[in-house]
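Each chain, written out:
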Amino acid sequence: MKIGIIGLGFVGLTLTSVLASKGYDIVGIDIDNEKCNKINNGISPFFEPELENILQKGLKKKLKIESNFSLINDCDFIFVTVGTPQNTNGSIDLSIIKKAISTIGENLLKNKKKPIILIKSTVIPGTMERVILPILEKKSNKKAGKDFGLISNPEFLQESSAIRDTKFPHAVVLGGNQTVFMKKAKKIFTKLHPNVPIIITNHQTAEMIKYANNSFLATKISFINQLSNICQKIPGANIDDIAKTIGLDPRIGKLFLNAGPGYGGSCLPKDIKALINFANISGINPTLLNAVEEINAKQLKQIISIIKERLEDLASKRITILGTAFKPDTDDIRDSIAIKLIKKLLKKKAKITIHDPKAMKNTKKIFGDKINYAKTVENALSKSQCAIIMTQWKQYEKLNNNEFKYMTKKFVIDCRRVLVKKQLDVDYFAIGLGKKN
Ligand SMILES: NC(=O)c1ccc[n+]([C@@H]2O[C@H](COP(=O)([O-])OP(=O)(O)OC[C@H]3O[C@@H](n4cnc5c(N)ncnc54)[C@H](O)[C@@H]3O)[C@@H](O)[C@H]2O)c1
């Protein structure tokens, strides 16, 4: 059995590496030649814990990395894991997946097997039946359900725990018609993930499950952020104790209840926007989802107004941003709130210095020499008038008076409450804490 994986980003390269390390015959395909070369040399193009190790294990087995699509011609399973970004109006941009699907279709013409194509990319309900299936049938001159299988197989992994999530998913969703292809897919997933629930449904429900998942997670974050704003007005109140306690209720669950600067990253913001857009064109006013987005946007506005309250005019003020990655243990800055914050502060002519243990290179690609990059936290804080902890990197939990002593104005905004328990000689503001009178 041979498996092809199209698109070697976070989802695709993780799946490729995990399956190859287990000894499966894998071909990983990406249009980016430079990326393919790196991967072939055992180097991951992005930081994800454990990924490089697993990739290198896979490369010693039956893994081929290529930009040549013809290698999928003898594959039994083809996973599609290309990006589905957003248009400026928030709707989903299907151009990348359409292109990848067209090329797969052209190659299907020559495929002597009857492969199963599984779409892992997040796509808005109806995309499989209205967009992907017609392209595949037209380009290949073959029939879905007869000459090839087509299955929606949304992905739920989280960056920073992508390997674990790929090895041990909480569920496998298979959407499509009840054909022999579906039976075959169920069999391989049962072998790969024994004891994991496999949900078999139709395409549109599978597509919607992914949006339901992400919009619920975003709702939890906006919920706790709204409560954290209320807590800030209650002297002595602590959002973490509240989150921890309500999280013990099994009906609520403890995850995604960390108050902070708002949700970011490559998935939640774009998926919520795409669902809002889809609801609107379907004639549904997505009141709750709109509120989730509005609360999220307000978190950033709140941070800026707190900085302005203390520093007044921001022109030429030195501000340090600790953490630009959208979460710890990744170098991904796509839709990171820290990046949005820096853009806003630059507009106000502030002088920005950043520090991030992993995301410095990616941040430099956006800002070039418009901001300063400090290799150490001490350097980042030196002569600064305001420090903002944006990402919950472990090393920021260790900060002490020593690191803050060379700030010219010791004003610290802790968006993650990592320093709450420290006795610091600084003017300290933490999201979600009510200042004691
Ligand atoms: N990143 C996540 O945490 C995550 C989690 C769950 C689901 N998803 C979804 O999975 C999909 C992929 O996300 P990602 O973050 O891995 O994307 P990504 O942007 O990191 O990677 C996509 C890859 O596809 C390649 N590519 C683009 N066009 C191609 C083509 N025609 N042929 C072959 N390769 C091509 C790109 O070069 C890139 O390497 C998206 O739909 C996303 O919403 C992402």
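In the block above lies the structure referred to throughout.
All figures in this text were calculated on a predicted structure; none of them were measured in a lab.

Colleague: What is the right way to look at the site of the ligand in this model?
Modeller: Close to the ligand lie 27 residues; Asp30, Lys35, Thr84, Glu159 and Lys270 are nearest. Between the ligand and aspartate 30 there is a distance of 2.6 Å, counted from an oxygen atom to a side-chain nitrogen or oxygen. In this structure, lysine 270 approaches the ligand through a side-chain N or O atom, which is 2.7 Å from an oxygen atom. For the ligand, the accessible surface in isolation is 830 Å², of which the surrounding protein chains cover 89%. Listing elements by their share of the shell around the ligand, those giving two or more residues are helix H1 (10-21) and helix H4 (95-108). Grouping the amino acids of the shell around the ligand by side-chain chemistry returns twelve nonpolar, eight polar and seven charged.

Colleague: Honestly, the packing of aromatic side chains in this entry has me stumped. Any pointers?
Modeller: For any two aromatic rings, the description comes down to two numbers: the centre-to-centre distance and the angle of the planes. Per the counting criterion, the structure on display carries two aromatic pairs. Taken together, a centroid distance of 6.3 Å and an interplanar angle of 90 degrees make the contact between phenylalanine 79 and phenylalanine 189 edge-to-face. With phenylalanine 79 in strand S4 (residues 77-80) and phenylalanine 189 in helix H7 (residues 180-192), this residue pair connects regions lying 110 residues apart in the sequence. Residue classification places phenylalanine 79 among the buried positions, given a relative accessible area of 5%.

Colleague: Even after reading the chapter, I still don't get the nonpolar core, so can you show me in this structure?
Modeller: Nonpolar side chains tend to gather and get buried jointly when the protein is soluble and globular. Ile307, Ile319, Ile321, Leu341 and Ile388 are the most contacted members of the largest nonpolar core, which has 59 residues in total. Residue contacts for isoleucine 388: discarding those within four places in its chain leaves Ile303, Ile307, Ile319, Thr320, Ile321, Leu322, Leu341, Ile413 and Cys415. If you look at the next biggest cluster of nonpolar residues, it comprises 38 residues, including Leu94, Ile135, Ile221 and Leu289.

Colleague: Would you take a moment to explain the pattern of salt bridges for this structure?
Modeller: Across all of its chains, the model carries 17 salt bridges by this definition. A salt bridge links aspartate 271 to lysine 270; the nearest nitrogen and oxygen atoms lie 3.1 Å apart. Neither aspartate 271 nor lysine 270 differs from the other in exposure class; each is buried. The closest approach of N and O atoms between aspartate 332 and arginine 334, which form a salt bridge, is 3.1 Å. A single salt-bridge network, built from bridges that share partners, covers Glu159, Asp332 and Arg334.

Colleague: Just to check I follow, could you spell out the packing of helix H5 (residues 127-140) against helix H8 (residues 203-231) for this structure?
Modeller: Each pair of packed helices can be summarised by the angle the axes make with each other and by the distance between the axes. Two elements in contact, H5 and H8, have axes whose closest approach is 9 Å; the angle formed by their N-to-C orientations is 110 degrees. The angle between H5 and H8 falls in the class roughly perpendicular. Between H5 and H8, the residues in contact are Thr127, Met128 and Glu129 and His203, Gln204 and Glu207, respectively. In terms of residue class, the contact of H5 with H8 is built from one nonpolar, three polar and two charged.

Colleague: How do you make sense of empty space enclosed by the protein when you look at a structure like this?
Modeller: Empty space among the atoms can be located by rolling a probe the size of a water molecule over them. Scanning all chains against the criterion turns up two cavities of 30 Å³ or more. The space that makes up the largest cavity amounts to roughly 60 Å³. What lines the largest cavity is simply Ile119, Lys120, Ser121, Thr122, Val123, Met128, Ser152, Asn153, Pro154, Ala206, Glu207 and Lys210. The element contributing the most residues to the lining of the largest cavity is H8, with three residues. Here the residues of the lining of the largest cavity are counted per class, giving five nonpolar, four polar and three charged. Computed from the structure, the second largest cavity encloses a volume of approximately 40 Å³. Surrounding the second largest cavity, Ile3, Leu19, Tyr24, Phe77, Phe79, Ile188, Phe189 and Leu192 form its lining. Among the elements of the structure, S4 and H7 are those that each provide at least two residues to the lining of the second largest cavity. If one sorts the elements of the lining of the second largest cavity by residue count, H7 sits on top with three residues. Taken together, the residues of the lining of the second largest cavity break down into eight nonpolar, no polar and no charged.

What counts, and at which threshold
Within each chain, residues carry numbers counting from 1 in the order of the written sequence. The predicted origin of the model limits local features to residues at a pLDDT of at least 70 and limits the giving and counting of side-chain atom pairs to 80 or more, whereas totals for whole chains, interfaces and linings rest on all residues. Think of the side-chain values as coming from all heavy atoms in the structure, minus any hydrogens and water. A single heavy atom is enough: if one lies within 4 Å of a molecule or strand, its residue is considered near that molecule or strand. In protein, a polar contact requires one atom able to donate a hydrogen and another able to accept it; more generally it is a pair of N or O atoms within 3.5 Å, and residues adjacent in sequence count only if both atoms are side-chain atoms. Each accessible area is a Shrake-Rupley estimate made with a 1.4 Å probe; only the visible protein chains count as cover when residues are assessed. Under the scheme used here, helices are H or I runs from DSSP no shorter than 4 residues and strands are E runs no shorter than 2 residues, and both carry numbers assigned from the N terminus. Each residue gets one of three labels, nonpolar for Ala, Val, Leu, Ile, Met, Phe, Trp, Tyr, Cys and Pro, charged for Asp, Glu, Lys and Arg, and polar for the others, Gly among them. Pairing of aromatic side chains here covers Phe, Tyr and the six-membered ring of Trp, requires ring centres within 6.5 Å, and sorts the geometry by plane angle: under 30 degrees stacked, over 60 edge-to-face, intermediate tilted. Between buried and exposed lies partly exposed: a residue is buried under 20% and exposed over 50% of the maximum accessible area for its type, with that area taken using a 1.4 Å probe on protein chains only. Within this scheme, the nonpolar core is defined by two criteria: the residues are buried Ala, Val, Leu, Ile, Met, Phe, Trp, Tyr or Cys, and they are joined through side-chain atoms within 4.5 Å. Throughout, a residue-residue contact means that at least one pair of heavy atoms, one from each residue, lies within 4.5 Å. Salt bridges, as used here, are contacts in which a Lys or Arg side-chain nitrogen is within 4 Å of a carboxyl oxygen on Asp or Glu. A fitted line through C-alpha atoms represents every axis, and for helices the fit uses only the stretch in contact; the resulting angles, taken between N-to-C directions, go from 0 to 180 degrees. Here the word oblique covers every angle except those under 35 degrees (roughly parallel), over 145 (roughly antiparallel) and from 65 to 115 (roughly perpendicular). Of the grid points, spaced at 1 Å and generated over the protein atoms alone, those admitting a 1.4 Å probe that cannot get out make up cavities, while open sets with protein on both sides within 12 Å along at least five of seven lines make up pockets; any residue with an atom within 4 Å of a point is treated as lining. Grid points are joined across faces, edges and corners, and a volume is the space filled by probe spheres set on the points.

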